[in-house]
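Chain by chain, the residues run as shown.
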Amino acid sequence: MRKKIIAGNWKMNMLPNEAISFINEFTPLVNNTQNEVVLCVPYTDLFYTLLNVQGTNIKVGAQNMHWESTGAYTGEISGEMLKCINVDYVIIGHSERRQYFAETDETVNKKLKKALSVGLKPIVCVGETLQEKEDGKAIDIITAQIKKALDGLNEEEVKNTIIAYEPIWAIGTGKTATAEDANESIITIRKEIEKNYGKNVAECVIILYGGSVKSTNAKELFTTSDIDGGLVGGASLKPEEFAKIVNFDKE
Ligand code: PGA
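This write-up is about the structure you can find in this document. (Residues numbered from 1 in each chain as written. Predicted model: local features only at pLDDT ≥ 70, side-chain atom pairs only at ≥ 80, totals over all residues. Heavy atoms only, no water.)

What to know about the side chain of asparagine 9
Phase 1 of the analysis: Along the chain, asparagine 9 turns up in strand 1 (residues 5-9).
Phase 2 of the analysis: Not counting chain neighbours up to four residues away, the residues in contact with asparagine 9 comprise Cys40, Gln63, Ile91, His94, Leu231, Val232, Gly233 and Ser236. (Helix = DSSP H or I, 4+ residues; strand = E, 2+ residues; numbered from the N terminus. Contact = heavy atoms within 4.5 Å.)

Some details on helix 2 (residues 43-53)
Phase 1 of the analysis: Considered for burial, the residues of helix 2 that qualify are Asp45, Leu46, Thr49, Leu50 and Val53. Down the axis of helix 2, the buried side of the element spans an arc of 135 degrees, and every buried residue falls inside it. Those residues of helix 2 that are exposed and angled more than 90 degrees off the buried face are Thr44 and Phe47.
Phase 2 of the analysis: Buried-residue contacts for helix 2 involve helix 1 (16-26), strand 2 (36-40), strand 3 (58-62) and helix 3 (79-84).
Phase 3 of the analysis: At the C-terminal side of helix 2, glycine 55 shows a positive phi close to 80 degrees. (Buried < 20%, exposed > 50% of the residue type's maximum accessible area, 1.4 Å probe, protein only. Arc of directions from axis to C-beta.)

Let's talk about the site of the ligand
Phase 1 of the analysis: Taken together, the neighbourhood of the ligand is formed by 13 residues, with Lys11, His94, Glu166, Gly172 and Ser212 sitting nearest.
Phase 2 of the analysis: Within the side chain of asparagine 9, one N or O atom sits 3.5 Å away from an oxygen atom of the ligand.
Phase 3 of the analysis: A distance of 2.8 Å separates an oxygen atom of the ligand from a polar backbone atom of glycine 233.
Phase 4 of the analysis: Contact with the protein chains hides 95% of the accessible area of the ligand, taken as 280 Å² for the molecule alone.
Phase 5 of the analysis: The class makeup of the residues in the shell around the ligand is 4 nonpolar, 7 polar and 2 charged. (Near = heavy atom within 4 Å. Polar contact = N/O pair within 3.5 Å; in protein donor to acceptor, adjacent residues only side chain to side chain. Areas by Shrake-Rupley, 256 points an atom, 1.4 Å probe, with all protein chains shown as cover. Nonpolar A, V, L, I, M, F, W, Y, C, P; charged D, E, K, R; others polar.)

A word on the sheet that holds strand 8 (residues 229-232)
Backbone hydrogen bonds are what pair the strands of a sheet, in a parallel or an antiparallel way.
Phase 1 of the analysis: Spatially, the 8 strands close up into a barrel ordered 1-2-3-4-5-6-7-8, and their pairing is parallel. Direction aside, neighbouring strands of the sheet carry axes that sit 25 degrees apart on average.
Phase 2 of the analysis: Here strand 5 (residues 121-126) runs beside strand 6 (residues 162-165); their pairing, made up of 4 bridges, is parallel. Across the sheet, valine 124 pairs through a bridge with isoleucine 163, a residue of strand 6. (Pairing = 2+ DSSP bridges. Axes fitted to C-alpha atoms, helices over the stretch in contact; angles between N-to-C directions.)

The following block contains the structure:
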């Protein structure tokens, strides 16, 4: 049985004082969930977040990292830097990074390998654009993204990789994929993994859905056969709303 993960992606939001008041309000609302709760916060909030979630069930993630350990890469942060301050998770290849910061399937693959090698839990994002969906190319696009992201990984590494299927047309738009469609896409991703790594590995991989997840649609999405939780943007900025999403299985 795969564990459910509910990860918030704060994107470029929340000053440290806002992060701390979020955590104070949020922590008691999620302290008896069985689901894994993750907050992926801006770099400048990492220290404050890590300090304030100590002793709670909340895990902390970053939203990006570089694939090299050290070097002349002004403005970048390495996997080792994240790991050594006790960050657990890292988002890799979010569509906003691919769209605005020229990330490619190749850089995603390099970052993924590095994250795994330093013991971070990577959340790798894939998903099609509206145009690709309308052209009937969604499945080809996401299977190609998966194949390239996982290129060169061994079975154990694939098992430790979390995937987030995030159709780009659903991110921040209020448009959610139907639970049925999202589940179908995730089954397709699982089949692609099965093709290369076998059923046992494919059944272990945690695959999340992302794109306008809210408290009103979380239960429907997360109780399908193959969706193992969510990567939540906008709705993760409000403690009560995000707690309701985490507690989707309690209502
Ligand atoms: P959203 O963002 O929930 O605001 O649509 C999801 C994401 O980009 O991870």
